[in-house]
Amino acid sequence: CLKKQLWFRAGGYSRTLDKKLEISSGKLARFADGSAVVQLGDTSVMVTAVSKTKPSPSQFMPLVVDYRQKAAAAGRIPTNYLRRELGSTDKEILTSRKTMSLPSFFLTLFFFPHQILCNLLAVDGVNDPEVLAINGASAALTLSDIPWNGPIGAVRVGLIDGEVVVNPTRKEMSSSTLDLIVSSAPRSQVVMLEAAAENVLQQDFCHAIKVGVKHGQQIIQGIQQLAKEQGVPKRTVQKLFTAPEETVECISRDEAINKIRLETEEQLKEKFPDSEPYEIMEAFNVVSKDIFRNLILNEYRRCDGRDLTSLRNISCEVDMFKTLHGSALFQRGQTQVLCTVTFDSLESSVKSDLITTAISGIKEKNFMLHYEFPPYATNEIGKISSMNRRELGHGALAEKALKPVIPNEFPFTIRVTSEVLESNGSSSMASACGGSLALMDAGVPISSAVAGVAVGLVTSPNSEKNGDIENYRLLTDILGIEDYNGDMDFKMAGTNKGITALQADIKLPGIPLKIVMEAIQQATETVQVPLSKRARFVGPGGYNLKKLQAETGVTVSQVDEETFSIFAPTPAAMHEAQEFITEVCKDDQDYQLEFGAIYTATITELRDIGVMVKLYPNMTPVLLHNSQLDQRKIKHPSALGLEVGQEIQVKYFGRDPTDGRMRLSRKVLQSPASSVVKTLSDKNNIVMGGSVPESATTTSS
């Protein structure tokens with residue numbers, strides 16, 4: 001029996017509690033190709049991995065992952081009439097899907113059937129077993145003779161009082177604003193992200209991901225050490241399929257590449273009668289995928305004509321059916337979702353089973369979102385049956401996106417249904433958008449509207465550097481075909497305040513953190529504001545910033561003295577914000593004021609501490625302090641008989657180097673020195689030496 005104990009810090013500077021994660025192998029389930037037991041606290045999960053030795057004719061890698069939690073693990077008896085475990089629960093299916101991040105690590109086109117079973121042995125009610133299952137699957141495969149490119153390491157990350165906590169306990173999670181699972185590969189590559197958050201700021205979210213990746217590397221190193229000690233050689237793959245070169249070349253030359261797949265396959269069958277059916281299909285896939293990706297990488301062209309960051313056309317309708325509490329139809333391109341809202345008594349809330357309550361502490365929930373994907377949504381014929389794994393996973397993601405904006409003390413149980421009527425890309429994010437509309441239509445006082453979008457990725461590997469990514473393109477609002485031919489489906493939802501949910505399905509054996517950060521920032525822009533413009537950009541008491549965020553829905557964060565980061569929920573909001581900023585800051589963009597020159601200023605407001613003045617019509621008023629109004633000491637401008645609209649002469653002394661504010665003085669002009677007064681009525685009549693145009697007023701004193 002081999003064991004590896006890993007210690008890691010559970011939190012930040014003020015949290016010094018260390019936790020022990022133990023991975024062991026060689027004692028249980030030794031007939032399996034690989035087996036591992038992962039323990040955190042008193043919670044233990046056993047994972048087995050078995051692979052057949054004959055390939056499957058399937059076009060996809062046949063991998064089955066099942067996570068089972070049993071009442072006996074919590075010391076309880078099932079409450080159903082048979083008093084035994086029945087079908088899979090929602091919790092079990094969702095955990096199985098999170099463990100499904102493993103396929104990208106198997107050898108390409110390795111079509112051997114695999115089964116990974118995660119068995120909950122014991123649960124202490126303190127530590128969640130989800131990440132233990134992921135790490136157990138990674139360890140079981142690494143310790144087996146099954147060829148794969150792992151291991152991976154996974155941790156749960158929380159954010160408590162602004163502090164990042166790794167693998168928090170159930171009690172800690174109750175006060176966390178973030179529930180993030182990060183799976184990472186060697187060399188700090190990101191494999192899978194799944195998160196629920198309560199309007200977490202982008203910078204905090206990115207920091208949490210980095211911390212999760214860092215701790216995942218410790219788990220990877222522990223598994224690698226176990227594998228080295230066990231020393232099980234990997235089996236030799238009997239048939240690792242690659243499309244025959246002559247078949248690929250034929251497709252490349254064949255004018256039928258743009259015709260229907262079946263027609264092309266028939267031609268290839270006649271030309272290569274000895275080829276296996278899946279060889280023909282894969283040959284077609286290799287070429288069509290290569291053409292599709294090269295158009296994006298080399299020509300920045302997408303199949304529907306959009307640029308890389310554009311959204312498809314969006315239309316929304318609410319109050320579709322008067323008899324319903326709330327309803328909305330959300331359409332983005334060819335993805336159409338109908339959402340409804342139903343209210344019922346609190347007795348209709350979802351009651352958790354005993355084992356789920358023991359793990360999460362949640363006995364019931366009064367907000368739920370149910371997602372349906374009928375076959376007609378993609379023009380197909382299929383069996384209408386109970387909810388499948390895909391529907392459950394998509395619905396759970398949309399529910400996570402909306403849950404943070406639901407009032408905690410809402411007096412009813414809320415059920416949102418999302419029925420996909422048309423689908424061509426990101427129906428789960430469309431469900432978040434449509435669900436937000438339906439909730440508002442039903443009168444639920446949500447704290448903010450929620451929107452979501454899917455970001456895709458197309459990469460080009462560097463064959464000379466172990467397949468490292470050499471070039472890549474991020475695509476906003478991806479189509480179904482872009483998801484299929486791409487390398488990532490990065491779904492993110494949030495409000496104008498921050499992120500509420502995220503899920504990243506990555507098809508590569510990990511991607512660099514840099515790409516993850518760029519995907520999160522796809523709707524983010526950085527604005528450089530010179531110190532001379534900062535007061536105008538921010539406005540009195542932050543007025544301009546507050547107005548910008550209220551009118552456009554963007555979020556503005558200050559990075560440093562001259563840099564502001566702007567996060568927009570949509571490209572349209574970003575464009576509107578850009579126009580707003582340009583308008584606010586444009587007033588003296590073309591004016592070059594002369595240091596020491598005298599200008600005619602107009603009083604716009606009287607204040608206790610001075611007067612607000614403008615040097616030209618579209619200028620933001622600046623303060624002329626009482627101390628600079630007169631040689632005498634005054635307590636209020638009215639003592640000098642000053643009024644709104646009155647013109648006075650002021651001298652310009654440049655801008656304050658600390659805050660960029662304009663420095664003016666009227667007091668210095670009460671000395672007998674003569675000077676030239678410059679009146680700025682139009683930005684084209686500013687004089688920088690030389691003669692004065694007729695439109696400017698020149699006087700001597």
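As the structure is a computational prediction, the values presented were derived from the model and not from experiment.

## What about the sheet that holds strand β9 (residues 178–185)?
Paired through backbone hydrogen bonds, the strands of a sheet run either parallel or antiparallel to each other.
Line of reasoning, step 1. Taken in spatial order, the 8 strands make up an open sheet running β8-β7-β9-β10-β21-β20-β18-β19, and their pairing is antiparallel. Since the sheet does not close on itself, it has two edges, and those belong to β8 (163–166) and β19 (468–476), each with one partner. Ignoring strand direction, the axes of neighbouring strands in this sheet form an average angle of 20°.
Line of reasoning, step 2. Sheet topology note: the strand β20 (residues 488–494)/strand β21 (residues 499–506) ladder contains 7 bridges and is antiparallel. Counted as the bridge partner of Asp-489 is Asp-505 from β21.

## Topic: the packing of helix α2 (residues 130–143) against helix α4 (residues 202–230)
Line of reasoning, step 1. In contact at an axis separation of 9 Å, α2 and α4 are set at 30° when each is read in the N-to-C sense. Judged by the inter-axis angle, α2 sits roughly parallel to α4. The interaxial crossing formed by α2 with α4 has right-handed handedness. Across the interface between the two elements, Asn-135, Ser-138, Ala-139, Thr-142 and Leu-143 from α2 touch Ile-219, Ile-223, Leu-226, Ala-227 and Gln-230 from α4.
Line of reasoning, step 2. Classifying every residue of the contact of α2 with α4 by side-chain character gives 6 nonpolar, 4 polar and no charged.

## As for the pattern of salt bridges
Two side chains bearing opposite charge may form a pair once their charged atoms approach each other closely.
Line of reasoning, step 1. For the structure on display, the rule yields 27 salt bridges.
Line of reasoning, step 2. A salt bridge links Arg-68 to Glu-92; the shortest N-O distance between them is 3.5 Å. In this pair, Arg-68 is assigned in strand β5 (residues 63–68) and Glu-92 in helix α1 (residues 90–99), connecting sequence segments 24 residues apart.
Line of reasoning, step 3. Residue Arg-68 is classed as partly exposed on the basis of its relative accessible area, which comes to 29%.

## Some thoughts on the packing of aromatic side chains
Line of reasoning, step 1. Tallying each qualifying case throughout the model produces 5 aromatic pairs.
Line of reasoning, step 2. Here Phe-410 and Phe-412 contribute two aromatic rings whose centre-to-centre distance is 5.9 Å and whose plane-to-plane angle is 65°, an arrangement assigned as edge-to-face.
Line of reasoning, step 3. On the basis of an interplanar angle of 80° and a centroid distance of 6.5 Å, the ring pair of Tyr-599 and Tyr-652 is categorised as edge-to-face. In this pair, Tyr-599 is assigned in strand β25 (residues 598–607) and Tyr-652 in strand β28 (residues 647–655), connecting sequence segments 53 residues apart.
Line of reasoning, step 4. The exposure class assigned to Tyr-599 is buried, which follows from its relative accessible area of 0%.
Line of reasoning, step 5. Classification of Tyr-652 as buried rests on a relative accessible area of 8%.
Line of reasoning, step 6. An aromatic cluster is defined as three or more aromatic residues linked by ring pairs; in this entry it consists of Phe-343, Phe-410 and Phe-412.

## What about α1?
Line of reasoning, step 1. Within the span of α1, buried status applies to Glu-92, Ile-93, Thr-95, Ser-96, Lys-98 and Thr-99.
Line of reasoning, step 2. On its buried side, α1 packs onto β5, α2, β9, β10 (189–200) and α9 (389–402).

## Here we look at helix α10 (residues 427–441)
Along an α-helix, a turn takes 3.6 residues, which lines up residues three or four apart on a common side.
Line of reasoning, step 1. With 15 residues, α10 extends 20 Å between its outermost C-alpha atoms, agreeing within 8% with the 21 Å of an ideal straight helix rising 1.5 Å per residue.
Line of reasoning, step 2. Of all 15 residues making up α10, 13 are buried, and the element is well covered by its neighbours.

## Concerning the packing of α1 against α2
What describes two packed helices is the angle between their axes and the distance between those same axes.
Line of reasoning, step 1. Axis separation between α1 and α2 bottoms out at 9 Å; the angle between their running directions is 40°. In terms of orientation, α1 lies oblique with respect to α2. You can see that α1 and α2 cross each other, and the crossing is right-handed. Touching Lys-91, Thr-95, Lys-98 and Thr-99 of α1 are Glu-130, Ala-133, Ile-134 and Ala-137, all from α2.
Line of reasoning, step 2. When grouped by side-chain class, the residues that make up the contact of α1 with α2 number 3 nonpolar, 2 polar and 3 charged.

## Overview of the sheet that holds strand β11 (residues 314–318)
Line of reasoning, step 1. Here 5 strands make up an open sheet; going across it, the order is β11-β12-β13-β17-β16 and the pairing mixed. Of all the strands in the sheet, just β11 and β16 (367–372) have a single pairing partner and so form its edges. Each adjacent strand pair in this sheet contributes to an overall mean axis angle of 15°, direction not counted.

## Concerning the side chain of Arg-235
Line of reasoning, step 1. Within the secondary structure layout, Arg-235 lies in the loop between α4 and α5 (245–253).
Line of reasoning, step 2. At 3.4 Å, the side chain of Arg-235 and the side chain of Asp-33 are in polar contact.
Line of reasoning, step 3. A distance of 3.4 Å separates a polar atom in the side chain of Arg-235 from the backbone oxygen of Lys-52.
Line of reasoning, step 4. Excluding residues within four positions of it along the chain, Arg-235 makes contact with Asp-33, Ser-51, Lys-52, Thr-53, Asp-145, Ile-146 and Pro-147.

## What about the nonpolar core?
Line of reasoning, step 1. Grouped together as the largest cluster of nonpolar side chains are 76 residues, with contacts concentrated most on Leu-180, Leu-193, Phe-205, Ile-209, Phe-490 and Ile-520.
Line of reasoning, step 2. Non-local contacts of Leu-193, meaning those with residues more than four positions away in its chain, are made with Leu-180, Ile-181, Val-182, Ile-209, Phe-490, Leu-502, Gln-503, Ala-504 and Val-516.
Line of reasoning, step 3. Grouped together as the second largest cluster of nonpolar side chains are 34 residues, Ala-401, Leu-437, Ala-438 and Val-450 included.

## Let's talk about the pairing of β20
Line of reasoning, step 1. The element β20 is extensively covered by neighbouring structure, given that 7 of its 7 residues are classed as buried.
Line of reasoning, step 2. With burial as the criterion, each face of β20 is covered, one bearing Met-488, Phe-490, Met-492 and Gly-494 and the other bearing Asp-489, Lys-491 and Ala-493.
Line of reasoning, step 3. Across 7 bridges, the pairing between strand β18 (residues 451–462) and β20 is antiparallel. Bridged to Leu-457 within β20 is Met-488.
Line of reasoning, step 4. Hairpin remark: β20 followed by β21, antiparallel, with 4 residues in the connecting loop.

Reading guide: rules and limits
Residues numbered from 1 in each chain as written. Predicted model: local features only at pLDDT ≥ 70, side-chain atom pairs only at ≥ 80, totals over all residues. Heavy atoms only, no water. Pairing = 2+ DSSP bridges. Helix = DSSP H or I, 4+ residues; strand = E, 2+ residues; numbered from the N terminus. Axes fitted to C-alpha atoms, helices over the stretch in contact; angles between N-to-C directions. Parallel < 35°, antiparallel > 145°, perpendicular 65-115°, else oblique. Left-handed = near helix turned anticlockwise from the far one by under 90°. Contact = heavy atoms within 4.5 Å. Nonpolar A, V, L, I, M, F, W, Y, C, P; charged D, E, K, R; others polar. Salt bridge = Lys/Arg side-chain N within 4 Å of Asp/Glu carboxyl O. Buried < 20%, exposed > 50% of the residue type's maximum accessible area, 1.4 Å probe, protein only. Phe/Tyr/Trp six-rings, centres within 6.5 Å; stacked < 30°, edge-to-face > 60°. Expected span 1.5 Å × (residues − 1). Polar contact = N/O pair within 3.5 Å; in protein donor to acceptor, adjacent residues only side chain to side chain. Core = buried A, V, L, I, M, F, W, Y, C linked by side-chain atoms within 4.5 Å.

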